Each structure stands twice: as C-alpha cells, then as structure tokens.
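Working through the structure, step by step
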Amino acid sequence: MGILRLLGIAVPLLAVAIGLVSTFAPLLFFKIPGGWILWAITGHVMPPYFDTTPFKSDVFGTWVKDNDVIVSTGVKQGTNWMLYCVHQIRTKASDELPWYDINYNTPWVSLIQKPGMTWADLSHELNHTKLADGTPIRDIWNHPDLPFRVFKAHEIPRQVDADGNPDPKPNGGDPGVLPLDEFPNVKFIAMVREGKDMVVSLNTFFRIHSKEFKDMWAGFPPNHETMLETVKSLLPGGNLYPLYFGYLKGWWPYRHRKNVLLVHFTDMIKDLRGGVQKLADFVSVKLTDKEMDKVVERCHFSHMKHLNENFGIQLFANPNNITALTKSSKFFVRGTKGHGKDIFDEEATRVWKEAVEKELSDPAMRKFAEEGGPF
C-alpha cells in the first residue's frame with residue numbers, strides 16, 4: 001500500500017516536472033537518452049529539427065526573391081532527386097557551376113542543424129560560412145550566373161478556407177505555412193510517392209542516419225524494427241502523421257495554382273524525359289535537344305548513385321564536428337517504384353490499406369497518391 005501511495009504522489013509530480021521543462025526549457029529533453037519522446041508527447045514540432053520560421057509570411061519576404069524555386073517535396077518522396085534535376089535544368093547540365101552538396105547548392109532552410117538554433121542563426125551561416133578551400137557557401141547557392149535559386153523544404157501551403165481564413169482541419173490540424181498567394185512570383189514544386197514505397201524508404205532512411213546526428217537529437221530518428229511500426233507512426237495520432245497523409249492533403253487543394261507544380265514519383269520514373277520537360281517548362285528554362293539529353297542522363301538514378309558523397313546533407317552551420325546528416329555511401333538505395341508491396345507483411349498491408357481508405361476519401365486524390373497520372 002505504501003508503494004502505491006508513493007507512486008500516486010511521484011507520477012503526478014513527474015508529469016508536472018515534464019510539463020515545466022516543456023514550457024520553460026524544452027531543449028533539456030535532448031540531454032536525455034530517448035528524450036525526443038518527451039519532446040513529442042508534450043506537443044513540440046516533429047521531427048524535432050524542422051523549423052517553419054523561414055516560410056512565415058513576415059519572414060519569407062526578407063530573404064526570398066522573385067523566381068526562386070522552393071522544392072517542397074514529401075519526406076522520402078524523391079526530394080534529392082527533384083532538387084538535383086532542377087539544378088541540372090537551371091545549369092543546362094553544365095559543369096561550370098559544379099554540384100558540391102545538396103545542402104550547399106540547394107539549401108534546406110527549414111532544417112535546424114543543432115538544438116536551439118534559430119532561423120537568424122542559420123541565415124547568418126548561409127551567408128558567412130566558407131568551405132575548407134575558402135569558397136563561401138553563399139557563392140554556391142546564390143551564384144550570380146544562376147537563373148534562379150533553389151531551396152529545399154518539406155512544408156505544405158498555409159491552409160485557408162474559401163474566404164481566406166486559416167483552416168487547418170482538412171489535413172489533421174496542420175495549419176501549413178508556405179505563403180503561396182502572398183508570393184505569386186515564387187515557384188513551389190511538390191512531389192508525392194506511392195505510400196507503401198514511401199514507408200519502406202522512410203524505414204531505411206531512419207537506419208542510415210549518423211550516430212552523431214541521432215545523439216544530438218536524443219535518439220531521433222529511431223530505428224523501426226518492422227514496417228508496421230513505421231506505418232503506425234504515419235497514421236492519425238502518430239508523431240509523423242504530417243509526413244505523408246498530412247502532406248498530400250495539405251497540397252491537394254492547391255495543385256492548380258499557377259505557381260505550384262505537383263508531380264508524382266511514379267510519373268517521373270515512367271517518363272523521365274517528359275518529367276524533365278514539365279519541370280523545365282515550369283521554371284521557364286528552354287533546353288535544346290542536346291541539353292535535354294544531357295539533363296535526362298544526369299537525372300537518371302544510374303548517374304546519381306555515383307554521387308552519393310554529394311548528397312550527405314552537410315551540416316555547415318553545426319560547430320560540433322557533425323558534418324553529415326546521413327551516411328552518404330548508402331543514400332540512394334533503390335530509386336524505383338512498387339517495391340513496397342513486396343516488403344509489407346499482411347498486417348502492415350491491412351493497416352495501411354484501411355488508413356488510405358479513411359484518410360484519402362477523395363477518389364481522385366487517392367488514385368493520384370497510389371498511381372500518379374493526371375489530376
């Protein structure tokens with residue numbers, strides 16, 4: 001009885017302590033092994049290294065320029081592929097503006113590179129950090145010979161109703177942030193992948209994060225032992241719901257905006273040349289037949305797999321000798337479509353199918369999510 005009474009006192013006190021830390025010093029969670037769980041259950045942004053600040057309307061206008069391209073694809077839905085292809089299109093596959101690293105040529109502006117880092121900190125580093133050879137990073141992503149700049153993101157548009165009022169309900173409560181209407185001359189590219197393929201890719205991706213990066217974020221991302229575990233994290237109530245269902249539902253109403261291009265991973269696989277042409281048209285780049293041939297060649301996974309070390313997502317703003325987000329030698333694992341159905345077991349398949357039917361109630365949206373094709 002004494003133990004039960006003690007627990008009755010200790011548990012509420014522990015809950016109060018966690019609440020106080022969450023309110024006044026949440027970064028302390030990252031000092032505790034597995035502390036990302038406390039970060040998540042107390043309502044903080046997940047993944048913990050995402051920061052939407054640079055895309056808020058009052059901040060976005062301080063750094064963005066007309067004709068900039070924001071590649072805001074879904075997590076593990078072809079992000080690096082899209083960034084690299086857009087870069088090849090804008091340079092017309094020329095080596096005069098070389099590819100250094102995904103985070104140098106096409107910076108991920110909503111990535112916090114260490115706990116506590118702010119957008120102001122990252123912006124400063126983007127404009128002042130130099131490579132070991134003395135090359136300013138700014139001269140890579142902001143080179144004057146580039147026809148436009150490209151930035152990486154994973155966010156969704158600011159969700160509004162017919163009257164322009166905030167309306168986060170359609171996609172699970174995420175209000176979104178990308179200011180499409182306020183910045184009509186900025187272009188946004190979104191891309192979706194078949195769900196089971198995305199789950200398999202995400203499961204693998206979690207495993208290849210560097211130990212240093214995981215330690216910095218108190219064990220996040222965790223290694224999921226099964227596909228079912230990854231599936232459940234993406235369902236309503238899961239800590240990664242915004243990465244798939246929330247992402248697709250957040251973009252779908254905005255797919256016809258003039259400054260938005262929504263594409264599907266499967267369509268790019270089936271017709272890479274047609275996909276490159278669509279991208280080139282969207283970013284207003286005219287390619288000769290010879291230039292097109294070279295761009296398509298470089299956008300093929302057989303070419304990109306030889307550049308793994310250039311997709312390590314270098315953490316240039318992190319002072320703690322953490323130089324890469326991922327083990328770049330393992331980054332490009334497949335670059336294919338349809339393998340998810342072969343890896344899912346019966347239970348994972350059942351749970352995912354039920355989630356798709358419930359979450360993607362619009363038949364057109366569901367068809368696009370699963371197969372691609374025209375809207």
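Here goes a summary of the coordinates provided.

Criteria and cut-off values
- Residues numbered from 1 in each chain as written.
- Predicted model: local features only at pLDDT ≥ 70, side-chain atom pairs only at ≥ 80, totals over all residues.
- Heavy atoms only, no water.
- Buried < 20%, exposed > 50% of the residue type's maximum accessible area, 1.4 Å probe, protein only.
- Helix = DSSP H or I, 4+ residues; strand = E, 2+ residues; numbered from the N terminus.
- Pairing = 2+ DSSP bridges.
- Arc of directions from axis to C-beta.
- Contact = heavy atoms within 4.5 Å.
- Polar contact = N/O pair within 3.5 Å; in protein donor to acceptor, adjacent residues only side chain to side chain.

**Observations concerning the pairing of strand S1 (residues 69-72)**
Successive side chains on a regular strand alternate, one facing one side of the sheet and the next facing the other. Judged by which residues are buried, S1 turns out to be covered on both faces: Val-69 and Val-71 on one side and Ile-70 and Ser-72 on the other are all buried. Sheet topology note: the S1/strand S2 (residues 150-153) ladder contains 4 bridges and is parallel. What sits directly across from Val-69, in S2, is Val-150.

**Focus: helix H14 (residues 289-299)**
By the burial criterion, the buried members of H14 are Met-292, Val-295, Val-296, Arg-298 and Cys-299. Projected down its long axis, H14 carries its buried residues within an arc of 165°, all on one side. Exposed residues on H14 whose side chains face more than 90 degrees from its buried face are Asp-289, Lys-290 and Glu-297. Of the surrounding elements, those touching the buried residues of H14 are helix H4 (79-91), helix H13 (272-282) and helix H15 (301-304).

**Overview of the environment of Asp-174**
Among the structural elements, Asp-174 can be located in the loop between S2 and strand S3 (187-192). Owing to a relative accessible area of 28%, Asp-174 belongs among the partly exposed residues under this scheme. One polar contact links the side chain of Asp-174 to the main-chain amide nitrogen of Gly-176, over a distance of 2.9 Å.

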